[in-house]
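Overview (structure and organization)
Spelled out, the chains give:
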Amino acid sequence: YLAKEDRVYLVDKSLNISSHKVMLAVLQYQTAVMRGDFDAANELLPSIPESEYTTVARFLESQGFKEEAMAVTTDSDHKFDLALELGHIDVAHNLLDEVPEEDRDSTDTLAKWKRLSDLALKDTNLALCESASKASNDFSGLLLLYSATGNAAGMEELAKAAEEGGKTNVAFVAYLLTGNVEACADLLVATKRLPEAAFFARTYLPGRVDEIVQLWKGDLSKVSESAANALASPSENPDLFPDQDVALQVQQMFLAQRDAVSAAGVPASDYPTAKDDLDLNLIELIKARGGGVAPPAAPPTVAQAEPSSPAPVAEPVPPAPEPVVPPPAPEPVAPPIAPEPAVVPTQPEPAPVPSPAPSPPKPAAPSPAADVSMGDDDAVFEDASAFVDSVSDVPPSPPAAEAPAPAAEEPKAEDDDMADFDDDW
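The structure reproduced in this document is the subject of the present report. Quick caveat, the model's predicted, so the values are computed rather than measured.

**Description of the overall build of the protein chain**
Summing up its helical and strand segments, the protein chain has 25 helices and two strands in all. Looking at the protein chain as a whole, 28% of its 425 residues are labelled buried. Of the contacts made within the protein chain by residues no fewer than 6 positions apart, 39% connect residues no fewer than 24 positions apart. For the protein chain, the computed accessible surface area is about 25,800 Å², with 57% contributed by carbon and sulfur atoms.

So this is what it looks like as structure tokens:
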């Protein structure tokens, strides 16, 4: 060891000489540290050249004196590592702010910002975590931070920055969390994810389904024309898109609601009640509100058809009397009882009843309000007297010889028939 040269010279068995620089002040400083005499070590430190401070600092770090090593070292990288280990995030932040402008975008500097952001998040220093994440382009960290803190403005900025930085996954999630479904669809189209864009529009933007499906068809036709033709769209296949008009109303309602709350947002304190909106079926809700008027509209058409039904029923009746006349014809043998057999068969069977319809004397006998629930070949009379009158007015052409005899007893037969008809009716 030559003190004037601060070097140690070594020689091996082959007489090869090698030398190592060993400063006496450093040796004395290390000796004082090993003895634990820090007062003597601090007195020796000024005699050590600054070029050797990093060496002294690494010696102190190896002995477990990291605080003293951070104070002594002159290497910024070494000092940054010691600051992170000791949790001095402010010191580490100041060191990164002093990095030259040309080195700010280097991989090493971005990695340091990422380490600082992780430490700041662990220390719940959210402001420093945000700035460090922005400096390191840590879009995933910012997505976690903004979603956890409910920072809508920051989430919108993150979506744009991530899209510009090529982080489309983060940008898509950020756009979706802020309700910007239009930007989500545009992002999927721009990245040629046309199938995903079509299904996304089917769910969130039904008004753009036609547009995106056409783009999908054009892109798919390059591979398979038949597969492209198999794709359906609301304009070309409306039967495959039920409630498309209702979905368009829901889209407008969603966009209006989004614009209404975009400024203030929904406070986190409203979550217990706002979470129920996630289970709403907006399609069914709109159909219940708007569609509730449509079903009542159907009954009026039926009601209108009912009043008009008597006219069609009365029209087919005139041809009926011809086949109906023969049934009472076989019963002319008993003159006084002739009308009764006609009443008995016609009462259970609605078919004979229409016979009075063609009689000219009493066309207005059936009341307009009469029930017309029977078939087309049936007719209903307003009261029993109308029925009896019609029976008595049937032309007795077949039993012409016996016609005068029952004429004298017609009032009595009419009364009997009236009573029988009332009972049967």
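**Let's talk about a nonpolar patch on the surface**
Together, Leu2, Tyr9, Val11, Leu15 and Ile17 give the surface a local cluster of nonpolar side chains, amounting to about 520 Å² of exposed area. Structurally, the position occupied by Val11 is in strand E1 (residues 7-11).

**Digging into unusual backbone geometry**
Leaving glycine aside, a negative phi is the common case for residues, and trans is the common case for peptide bonds. One non-glycine residue with positive phi stands out, namely Leu15, at about 65 degrees. By the element assignment, Leu15 lies in the loop between E1 and strand E2 (17-21). With a phi angle near 60 degrees, Asp243 is a residue other than glycine that sits in the positive phi range. Looking at the secondary structure, you find Asp243 in the loop between helix H15 (225-229) and helix H16 (244-261).

**Quick notes on the layout of surface pockets**
When its volume is computed, the largest pocket comes out at roughly 2,200 Å³. Residue lining of the largest pocket: 46 residues in total, with Leu177, Gly179, Phe254, Val266 and Leu278 positioned closest to the centre. When contributions to the lining of the largest pocket are tallied by element, the ones reaching two or more residues are helix H9 (139-149), helix H10 (152-164), helix H11 (168-177), helix H13 (194-204), H16, helix H17 (271-274) and helix H18 (282-290). For the lining of the largest pocket, the element with the highest residue contribution is H16, accounting for nine residues. Residues of the lining of the largest pocket, tallied by class, amount to 26 nonpolar, eleven polar and nine charged.

**Some thoughts on helix H3 (residues 53-62)**
Taken together, the buried positions of H3 are occupied by Tyr53, Thr54, Val56, Ala57, Phe59 and Leu60. On its buried face, H3 sits against helix H1 (24-35), helix H4 (66-72) and helix H5 (76-86).

**Comments concerning the side chain of Ser136**
Position of Ser136 relative to the elements: it lies in the loop between helix H8 (126-135) and H9. With a relative accessible area of 11%, Ser136 lands in the buried category. Only 3.3 Å separates the side chain of Ser136 from the backbone oxygen of Ser133, close enough to count as a polar contact. Ignoring any residue separated from it by four or fewer positions in sequence, one finds Ser136 in contact with Leu110, Trp113 and Lys114.

**Some thoughts on the pattern of salt bridges**
Summed over all chains, the structure comprises 17 salt bridges. Here Arg208 makes a salt bridge to Asp186, at a shortest N to O gap of 2.9 Å. Taken together, the residues Arg208 in the loop between H13 and helix H14 (209-220) and Asp186 in helix H12 (residues 181-190) connect sequence positions 22 residues apart. Note on Arg208: relative accessible area 16%, which makes it buried. Across the pair Glu196 and Arg193 runs a salt bridge whose closest N-O atoms are separated by 2.9 Å. The network of salt bridges with common partners includes Asp77, Asp108 and Lys112.

**Description of the packing of aromatic side chains**
Within the structure shown, the criterion is met by four aromatic pairs. Pairing Phe172 with Phe200 gives two aromatic rings, centres 5.7 Å apart and planes at 65 degrees, and the pair type is edge-to-face. Taken together, the residues span a long stretch of sequence, with Phe172 in helix H11 and Phe200 in helix H13 at a distance of 28 residues. Overall, Phe172 belongs to the partly exposed group, its relative accessible area being 21%. In textbook terms, an aromatic cluster arises when at least three aromatic residues are bridged by ring pairs, as seen for Phe172, Phe200 and Tyr204. Residue placement shows Lys112 over the ring face of Phe80; its charged tip is 5.6 Å from the ring centre.

**Things to note about the environment of Ala25**
You can see Ala25 is positioned in helix H1. When neighbours within four sequence positions are excluded, Ala25 is seen to be in contact with Ser47 and Ile48.

**So, H13**
Helical geometry: 3.6 residues make up each α-helical turn, so side chains three or four residues apart lie on a common side. All of the buried residues in H13 are Leu194, Ala197, Ala198, Phe200 and Ala201. Looking straight down H13, one finds its buried side chains confined to an arc of 165 degrees; they lie on one side. Turned more than 90 degrees away from the buried face of H13 sit Phe199 and Thr203, all of them exposed.

**Comments concerning the side chain of Thr73**
With respect to the element layout, Thr73 can be found in the loop between H4 and H5. For Thr73, the side chain forms a polar contact with the main-chain nitrogen of Asp75, separated by 3.2 Å. With residues near it in sequence (within four places) discarded, Thr73 still touches Tyr53, Thr54, Ala57, His78, Lys79 and Leu82.

**Comments concerning the pairing of E1**
Inspection of the sheet shows E1 paired to E2 by five bridges, in the antiparallel sense. Counterpart to Leu10 in the pairing with E2 is Ser18.

**Section: the nonpolar core**
Judged by nonpolar contacts, the single largest core of 35 residues is most densely connected at Tyr29, Ile48, Leu60, Val72 and Leu116. Counting only elements with at least two residues in this core, the list comes to H1, helix H2 (38-44), H3, H4, H5, helix H6 (89-97), helix H7 (107-122) and H8. Filtering out sequence-adjacent residues up to four positions away, Leu116 remains in contact with Leu84, Ile89, Ala92, His93, Leu96, Leu128 and Ala132. Counting 31 residues, the second largest nonpolar core, distinct from the first, contains Leu143, Tyr146, Val189 and Val209.

Criteria and cut-off values
Residues numbered from 1 in each chain as written. Predicted model: local features only at pLDDT ≥ 70, side-chain atom pairs only at ≥ 80, totals over all residues. Heavy atoms only, no water. Helix = DSSP H or I, 4+ residues; strand = E, 2+ residues; numbered from the N terminus. Buried < 20%, exposed > 50% of the residue type's maximum accessible area, 1.4 Å probe, protein only. Contact = heavy atoms within 4.5 Å. Areas by Shrake-Rupley, 256 points an atom, 1.4 Å probe, with all protein chains shown as cover. Patch = residues over 30% accessible without salt bridge, like charges linked within 9 Å, V, L, I, M, F, W, Y side chains within 5 Å. Salt bridge = Lys/Arg side-chain N within 4 Å of Asp/Glu carboxyl O. 1 Å grid on protein atoms, 1.4 Å probe; cavity = no way out; pocket = protein on both sides within 12 Å on 5 of 7 lines; lining within 4 Å. Points joined across faces, edges and corners; volume = space filled by probe spheres on them. Nonpolar A, V, L, I, M, F, W, Y, C, P; charged D, E, K, R; others polar. Polar contact = N/O pair within 3.5 Å; in protein donor to acceptor, adjacent residues only side chain to side chain. Phe/Tyr/Trp six-rings, centres within 6.5 Å; stacked < 30°, edge-to-face > 60°. Lys NZ or Arg CZ within 6 Å of the ring centre and 35° of its normal. Arc of directions from axis to C-beta. Pairing = 2+ DSSP bridges. Core = buried A, V, L, I, M, F, W, Y, C linked by side-chain atoms within 4.5 Å.

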